[in-house]
Every structure is written in C-alpha cells, then in structure tokens.
Number of protein chains: 2
Amino acid sequence: MAIKIAILGFGTVGTGLPFLLSENKEKLAALLGEEIVISKVLMRSEETIEAARKEGFSYDFVLSVDDILADSEISIVVELMGRLEPAKTYISQALAAGKSVVTANKDLLAVHGSELRELAKKHQVALYYEAAVAGGIPILRTLANSYSSDKISHLLGIVNGTSNFMMTKMSEEGWAYEKALQKAQELGYAESDPTNDVDGIDASYKLAILSEFAFGMTLAPTEIACSGLRSIRSTDVEIARQLGYVLKLTGEIREVQSGIFAEVSPTFLPKKHPLAAVNDVMNAVFIESVGIGSSMFYGPGAGQKPTATSVLADIVRVAKRIQNGTLGKNFNEYSRPTQLANPADVMNKYYFSVETPDTTGQFLRLVQLFTSENVSFDQVLQQRGDGERAIVVIISHEISRTQLAAVIEKLQQEADFDLLNYFKVLGE
Amino acid sequence: MAIKIAILGFGTVGTGLPFLLSENKEKLAALLGEEIVISKVLMRSEETIEAARKEGFSYDFVLSVDDILADSEISIVVELMGRLEPAKTYISQALAAGKSVVTANKDLLAVHGSELRELAKKHQVALYYEAAVAGGIPILRTLANSYSSDKISHLLGIVNGTSNFMMTKMSEEGWAYEKALQKAQELGYAESDPTNDVDGIDASYKLAILSEFAFGMTLAPTEIACSGLRSIRSTDVEIARQLGYVLKLTGEIREVQSGIFAEVSPTFLPKKHPLAAVNDVMNAVFIESVGIGSSMFYGPGAGQKPTATSVLADIVRVAKRIQNGTLGKNFNEYSRPTQLANPADVMNKYYFSVETPDTTGQFLRLVQLFTSENVSFDQVLQQRGDGERAIVVIISHEISRTQLAAVIEKLQQEADFDLLNYFKVLGE
C-alpha cells in the first residue's frame, strides 16, 4: 500500500518534496510502514509542465484541480500555491471531498483559518499547516503538544526573516534602511514591493496563527497592532546599542488580566535576551510560561528545504492519523473565546526620540509634558544640537498603552516638538 | 469520566504536578474532555505521608506499589523516584499490569531503556519520558514528530545545567573550578558528590536517550566518550576567550559515513554559535539536519515546574492515546541497527596546551612531533615561560580521532613534554 498525495503548485517548496522523500525514504518507510507517493501535481500551464519535465520530474501533471478531487486514491492534498485564491477554493473543495490538506499558506490561514478548520472538522479530515509559521521551526506542533500542560503568558518572536536580515545589517554594519533593503532585494529575500515584510504585515499573519496555538484565541489581523521598519533611522539603532539593547522587529502576544494583546513592532531587546542573538534570516520564538518558565525555538524562517521539511512532517502526521483512524482532530485543539486586553493593562517601557528647539526651557517643557501623563524616566539623553534643534532621547519607566497614546497625542499637538520615533523597550 | 493516575515518589517533581493540574484545569479539560485525577501516591514511609498531609496534600497515600498495580481504574503510572531500583521493578510491574508509564528517570532509560520499551510494546501500553532529557525542553517529542521528515547529521547539546552554571561562572567571572563547584553546591545545583554532573556522566545518559530519537540508534553509556570539567584550568577558559571561543561542556552526536560518534567533553565553541549564549543552568540542543538546516531548542534543564510540565505533557499525550485507542506505539518509532563510527572518520580541530622546557629547540621538537602525525596548525601561541618551563598552546587543523590518539600517546611518551589539556574545537 502507498499513501497517495497530490501537490497543488510546484514551485520552490513543492520541488523540494521529491528530494526529501528520496533522502528520507528508509526512515519514512520505518515510521509509516508504507510509502508516500506523489500521485498528481497541479500545474498552471502546459509550459510549466514542460519546464518541470525538462528538469527531470516525471509526475502525473494535471491542469485542473478536478482531476485531483475526483481521484479517490489521493488522501492528502498539499497546497503550495500561496495567496488567497484560488488556494482557498481548492482547499475547501479538497476538504469537502474528504481529503486531508497540508498547506504552508500563512496569509490564507491568518485570514480564513476559522472557516477552513470548521470545514475540515465537518468532513472529519485533517488540516495541518506547520510550515505557515517560521518555516523550518516546528513551533505550532510543539505548542499544540508540549505546551498542553502549560499556561503561556508571553510569546515573543522574530518571525520575519527578511526584516531580521535588514535589522541585523543595520545593527551590525551600521547600514541605513535603504541600503539594507536593497541588499535584501539583491539576495532575493525581499520582493520588489517589500511592503509585507518591512511593514510587519507578514509577521502579523504569523502572530495571528501563533495566537491560536499559544493562547487558544483567534485574532483577526486587524486586531494586531502593527508597525514596521520604514521609520527606523541609523541613530535609533546606534542609541539602542549604546544603551545595551539591540533593535529588532518582534511580534509579541501577551496575556494580561483583561485579555491578550498582540503587536508587531520594532523593539529594543536587552543584549542578554536570547532573541537578541538571532541574526540574519533566522527566526526564533521565545516563550514565557507558568510551568516551563523561559524557552526558545530557533531555526530558519523560510527556504526550500526547511519549509518542505515542515510540510513533509505534516504529511507524515496526517498519514499516521489516517492509519490510526484519528483524522477528525484539529491540528490545534485549544480554543477559548477571544478576549482583547484593555490598553490600560498593557505595560511597557518606551523609547522616545524627540526633536526640540535648542533654546532654554524646552527641555523643561518636554519633561512637564511627560510628567503630566504620569510618565517617569528610566534614562534621558540630550544629544548635542546644531544651535537650532536638539534631540532628546527618553527611555520611560513602564507605562500603559493608554498613557503612551496620551503622550504621543500631546507631543503631536505641540508645534515645537517633533516626535521622531518611539519604540517598545523590553526587559530581560 | 476521569483519567486516573498514580504517582510513585512524591518529591520535588511529584509535588509540582498538583499545582499544574490546578493551574491548567480548564485547558486540560478542553483538550481531553475529561479530568486527570491523582488517584494514589506511593510513599516511602508513614513519616513522609504525615509530612505530605501537613503540607496540605490529601491524596490516597499508599506504602506498597501493589495497591497501585491492583487498582484497575489506574491507567497511567508516573514514576518519579529516580535511580535504578526499585524504579525498574515497579515500572516493569506496571507495564506488565497493562498500565502506561510516564517517567523522568534518565539513568534508568539510558541503562535499561530497550528492555522497558520492549515490555511496553509487548503489553501494548505507552512508555513516555520527555522529562528525562533537558527537563523543560520538549526535545524528545519534537525529534520524534517534527524531524520524522528530516535526516539529522549532528546534534550538539548543553544538557547538564550544573556544569553549565559552573562553566558560565568560570568564563564570565573568571572563577576557578573549585569556587564554581562550591557555589553550585551552595545553590543546590550540585550534590555533595558532584561526580555525575562534573564528570559528564549525567550528560552521557541524556545523549544515550537523544541518540535513539535523533539517529534511531541505541548507545550504551560505555559507547559514549566522556570527559568532564575537573581538569579545566582558568587559563584554558581565558585562552578560549582570547581566541574568540567560549568553553562549554557539550554532548555531541555526529553521523559520518561509517556510523555515529557520541562524546561528552569540554568544547571550544565559537562566540557566534547559538549555543555559546546558553548560560547558567539553562540547557539547549542544537541540531543540524539535511532538511531544516540549523535549529535550536532552548529552555530550563531541570527544576520542579519545568520537569513537572514535561511529565504532565506526557500524561496528556498518553491519555489521548488511550482515548484514541493508539496506545501500543513507541514514544520513538525510529530505529535502525547501531553502527559506531570509525575513529579515523571523526574529524575535529583540537586545542592542545603543552608545557615544555624553556630551552632552544624544544618548540621545534614539539612541532616535529605534531607534524609526524600529519597534524598541522591553525593557531599557535607560545606563552611567556618562567625561564625553566614554557607553555605552548596549539589549535590544530581538523584531525581524526585516530590522529588525536597518536599525538596524545607521543606527547605522553616524551618526558620533556607535559600535555596539560586538550579539548575539541568546533567551527561555527
């Protein structure tokens, strides 16, 4: 007997699967007792089929998903097309046809995850998507299985490799944002339109998925506060370094008394924090929990082989569920009503960089403004001005999101003060 | 319905279970649909029962394991007594009585794992032991599940918290071995007889278990080369630092053409290596594999709550297997014949610290000795001598274990040369 699978989309990740199936043939046979066979591959056009044949792939290539849906021998459909449509339609049709689905499509899962999971449950098939978050790091399965006995209070991740590559270059080489972006594009890490990576959108999709596994709560992407890299100046990176921090784009989910709060933002991380050493395109997820305490999972966030390895691990898992007759279980079985935190309960230190007129009394006015919102200071640096304008850098003590919003509003109302930047500052 | 468990041994880890069961009551109920109930607890004596009652525990305490074995409602036995006997007998009896077993007993698993797993398989029950390796890090389950689709070539771990605490103090504070050990004993990390921790024995037990999950091969503890901390001098630590390394006690398993090689030893780790930043009592396992590439799993290696969390995650897993009717599966299903590497195939750089007479020609003789075994040098430092004796530090290029043995033998034959220390040196 063989486990027959179909692949939708035969791009970078898809073409990695044959390599892994052959490289791990004996191990997979030992684990499953039967072979995983790529039975059909959905392609876009005759030309792409021709190209794949030229590269030496000799699968049963098809141009219509119907050929796959109608094939009763195919039990697992692997969706690797990306984007929302037609992936969503094809996945829905596969689930409705009683086929289990493995996908790496984070956009789709972040936006339509609930609907697809419902559909899988209804048809008693599996829907797995380990590769959707932090490509090569088995974080979703670990959260679902090994944290079943634990209560997570805080998840902090570097889950976008492109932006982490850029931040590493900006921190370690002193590069400006533009140069870092250009290099990322040259190396193929960033697309010509880098919006999803540099504005934190990609990271927020991953946070939405992580929230379900770590906190049992579904977040719409709009419920995740999101700011990206575009505003970061070399001077912010340099000040972070001087004060003992590293500036990174992080995704954070925290549970406080009133609920959960999720945010993607540039963040000052203490140099000793385990995430501070996560560089280049690597990803990592750091977890604080009642039972385990601190733990971290580190690995590649993308790439052909890492992503294909996660996809194949899902295929193996689904194959075992088929063998064991336990298909109808959700990938993640932890679910409770979503409750968003009250902003007044979400506390952080913040970095503020404010340009002021370089005249007597301005510093006092700035201090008065912060004090009027009960914001006190952990560190204050006044940088040498040019005679006309000075820059004041403030690291506040812990303040709430409400206080943060009030301070920002007041700064924006004052014509003299120019709030150049503000970033979250984490403790160790 | 409830899942009834019995606990053998109600010490640090055992008394952590009630806390976690209560803290995660709702989550566990959501995951399992039934409650986990501590039905009976095996104690050593009436006095320990009395003491537990005084601490507010009101379980059904028993003094004979027979009361647990005979209770047909108990489906999972949790062994937390440690050491080989009577743990082995009780676990064997529980398995034979058709009860699944969860244990944190690494010594037992390293020494008698195969026999116990056979017994579990024979009686179609589960034997889980996530907590036996790196307490709070879910490394075994992750290897078993998420690396099912991958081929691991190299596993490098910091898996003994006590020795890592000591090495951290020796590296960061410049403490001598004796002072670091004394502090570890004061803090309760090291026992009055620290042999198991400082000689690498504890780490080698963990490697034996990791070898099964990562490489599918069973290693007897005697098949793991093992050296510990006792010989490390402050000057070794300092030279490591000067050359851009951190000295750590690592456990390593590597697969080469001819088989696997496992070793616990002090190791020069490049400062940029992800493991180099793992400090104090924290543990981490770094993995290189064909599919994922580099990944690392970081967390606490011991402690009441982390260990109890891993134990409870196992209990949850076994409970699910009971519900799903899939009990007879091994925790780890990857197994192949053990094949040990030929020492001539295992290549590393090495650090040598050699004391020589401080006279003309000795350095030449030393270089000739190394060259005669085809060992060339990456770095050589001659430290200032006292007029009588000089110390020469050598970092070799990659050499095999066979070459290493030959060089060491030659050095020991030369009355003039005193080999003070030699350690493995890893690349990035």
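Now for a description of the structure that goes with this document. (Residues numbered from 1 in each chain as written. Chains lettered and ligands numbered in written order. Predicted model: local features only at pLDDT ≥ 70, side-chain atom pairs only at ≥ 80, totals over all residues. Heavy atoms only, no water.)

### Brief notes about the interface of chain B and chain A
By convention, interface size is frequently given as the accessible area that disappears when the constituent parts associate.
Okay, step 1: Across the contact, 46 residues belong to chain B and 46 residues belong to chain A.
Okay, step 2: Contact between chain B and chain A buries roughly 4,300 Å² in total, counting both sides, with carbon and sulfur atoms accounting for 55%.
Okay, step 3: For the chain B face of the interface with chain A, the top three residues by lost area are K27, S149 and Y298 of chain B, together amounting to 15%.
Okay, step 4: Measuring nitrogen to oxygen at the nearest pair gives 3.5 Å for the salt bridge that ties K151 of chain B to E23 of chain A.
Okay, step 5: Summed over the shared surface of chain B and chain A, the number is 17 residue pairs in polar contact (both at pLDDT 80 or more).
Okay, step 6: At nine residues, helix α13 (residues 304–324) of chain B tops the list of elements feeding residues into the side of chain B that touches chain A. (Contact = heavy atoms within 4.5 Å. Buried area = accessible area lost by both parts, 1.4 Å probe. Salt bridge = Lys/Arg side-chain N within 4 Å of Asp/Glu carboxyl O. Polar contact = N/O pair within 3.5 Å; in protein donor to acceptor, adjacent residues only side chain to side chain. Helix = DSSP H or I, 4+ residues; strand = E, 2+ residues; numbered from the N terminus.)

### Comments concerning the pairing of strand β7 (residues 152–158) of chain A
Residues and elements named next belong to chain A.
Okay, step 1: Burial analysis of β7 places six of its seven residues in the buried class, the great majority of the element.
Okay, step 2: Pairing of β7 with strand β11 (residues 282–289), which is carried by six bridges, proceeds in the antiparallel orientation. Considered in β11, the bridge of G157 is made with V285.
Okay, step 3: Where β7 and strand β9 (residues 245–256) come together, four bridges link them in antiparallel fashion. Residue pairing in the sheet places L155 in a bridge with I253 of β9. (Buried < 20%, exposed > 50% of the residue type's maximum accessible area, 1.4 Å probe, protein only. Pairing = 2+ DSSP bridges.)

### Some thoughts on the relation of the copies chain B and chain A
Okay, step 1: If you rotate chain B by 180° and push it 0.0 Å along the axis, it lands on chain A with an RMSD of 0.0 Å. Both copies of the chain, as the preceding transformation shows, are related through a two-fold rotation axis. For chain B, the smallest separation between a C-alpha atom and the rotation axis is recorded for F297 of chain B, amounting to 2.4 Å.
Okay, step 2: Mapped onto chain A, 100% of the interface residues of chain B are again interface residues, and the two copies thus contact each other with one and the same surface. (Least-squares fit on C-alpha atoms with pLDDT ≥ 70 in both.)

### Quick word on the packing of helix α1 (residues 16–23) of chain A against helix α13 (residues 304–324) of chain A
Residue and element names in this part refer to chain A.
Okay, step 1: Where α1 meets α13, the closest approach of the two axes is 9 Å, and the angle between their N-to-C directions is 65°. With respect to α13, the axis of α1 lies roughly perpendicular. Where α1 crosses over α13, the two elements pack in a sense that is right-handed. Side by side, α1 and α13 meet where G16, L17, F19, L20 and L21 of the first sit next to Q304, K305, A308, T309, V311 and L312 of the second.
Okay, step 2: Looking at the contact of α1 with α13 residue by residue, the class counts come to seven nonpolar, three polar and one charged. (Axes fitted to C-alpha atoms, helices over the stretch in contact; angles between N-to-C directions. Parallel < 35°, antiparallel > 145°, perpendicular 65-115°, else oblique. Left-handed = near helix turned anticlockwise from the far one by under 90°. Nonpolar A, V, L, I, M, F, W, Y, C, P; charged D, E, K, R; others polar.)

### Brief notes about the sheet that holds strand β4 (residues 74–79) of chain B
Residue and element names in this part refer to chain B.
Okay, step 1: Here six strands make up an open sheet; going across it, the order is β3-β2-β1-β4-β5-β6 and the pairing parallel. Every interior strand has two partners, whereas the edge strands, β3 (61–62) and β6 (127–128), have only one.
Okay, step 2: One ladder, built from two bridges, connects strand β5 (residues 100–103) with β6; its direction is parallel. For V102, the partnering residue across the bridge sits in β6 and is Y128.
Okay, step 3: Its contacts with the sheet put α13 on β1 (2–8), β2 (35–42), β4, β5 and β6, and the angle it makes with β4 is roughly 155°.

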